[in-house]
Amino acid sequence: MEHESRCVALAVLHWQVSPDGRFAYLFEGAGTFGAQATPVTAEGGTLVLFGDGDSVSISSAEEGTRFWLVLDKPLHEPIAWRGLEEAS
């Protein structure tokens, strides 16, 4: 599931999710991501990986934030950086 969202200034969003892979990419603004015990503060142009758990929490900063939230099962496949290379 993909979801692009915009948080207004000082908003708090909370989703109940499956314990599979999830991350958020910030387009603009800033916010705090994760549980109250271990929050991560990030600014635009940052990718935030969420740890294990059954919920995702996002709090926007005063200027608000625009982000893309992806919730899905991880593939457990290697990443092909710069595309696939042919064997010599």
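Now for a description of the structure that goes with this document.

## Considering the nonpolar core
Reasoning step 1: Trp-15, Phe-33, Phe-50, Val-56 and Leu-69 are the most contacted members of the largest nonpolar core, which totals 13 residues.
Reasoning step 2: Elements that contribute at least two residues to this core include exactly β3 (22-33) and β6 (55-71).
Reasoning step 3: The element that contributes the greatest number of residues to this core is β6, accounting for five residues.

## Some points on the pattern of salt bridges
Opposite charge on two side chains permits pairing when their charged atoms draw close.
Reasoning step 1: The full count for this structure, using the stated rule, is one salt bridge.
Reasoning step 2: Arg-66 is the salt-bridge partner of Glu-28, the closest N and O atoms lying 3.9 Å from each other. Linking Glu-28 in strand β3 with Arg-66 in strand β6, this pair joins segments that are 38 residues apart in sequence.
Reasoning step 3: The partly exposed category is assigned to Arg-66, whose relative accessible area is 23%.

## Quick word on the packing of aromatic side chains
Reasoning step 1: Taken as a whole and judged by the stated rule, the model has four aromatic pairs.
Reasoning step 2: Centre to centre, the rings of Phe-33 and Phe-50 are 6.3 Å apart; their planes meet at 55 degrees, and the pair counts as tilted. Within this pair, whereas Phe-33 is found in strand β3, its partner Phe-50 is found in the loop between β5 (47-49) and β6, the two being separated by 17 residues in sequence. Of the two residues examined, Phe-33 and Phe-50, each falls in the buried class.
Reasoning step 3: Plain terms: the ring middles of Phe-33 and Phe-67 are 6.2 Å apart, the flat faces sit at 90 degrees to each other, and that makes the pair edge-to-face. Separated by 34 residues along the polypeptide, Phe-33 in strand β3 and Phe-67 in strand β6 bring together distant segments of the chain. This pair shows no difference in class: Phe-33 is buried, exactly as Phe-67 is.
Reasoning step 4: Within the aromatic cluster, the residues linked to one another by ring pairs are Phe-33, Phe-50 and Phe-67.
Reasoning step 5: In this arrangement the basic side chain of Arg-66 is found over the ring face of Phe-27, its NZ or CZ atom lying 4.6 Å from the centre.

Parameters and conventions
Residues numbered from 1 in each chain as written. Predicted model: local features only at pLDDT ≥ 70, side-chain atom pairs only at ≥ 80, totals over all residues. Heavy atoms only, no water. Core = buried A, V, L, I, M, F, W, Y, C linked by side-chain atoms within 4.5 Å. Buried < 20%, exposed > 50% of the residue type's maximum accessible area, 1.4 Å probe, protein only. Helix = DSSP H or I, 4+ residues; strand = E, 2+ residues; numbered from the N terminus. Salt bridge = Lys/Arg side-chain N within 4 Å of Asp/Glu carboxyl O. Phe/Tyr/Trp six-rings, centres within 6.5 Å; stacked < 30°, edge-to-face > 60°. Lys NZ or Arg CZ within 6 Å of the ring centre and 35° of its normal.

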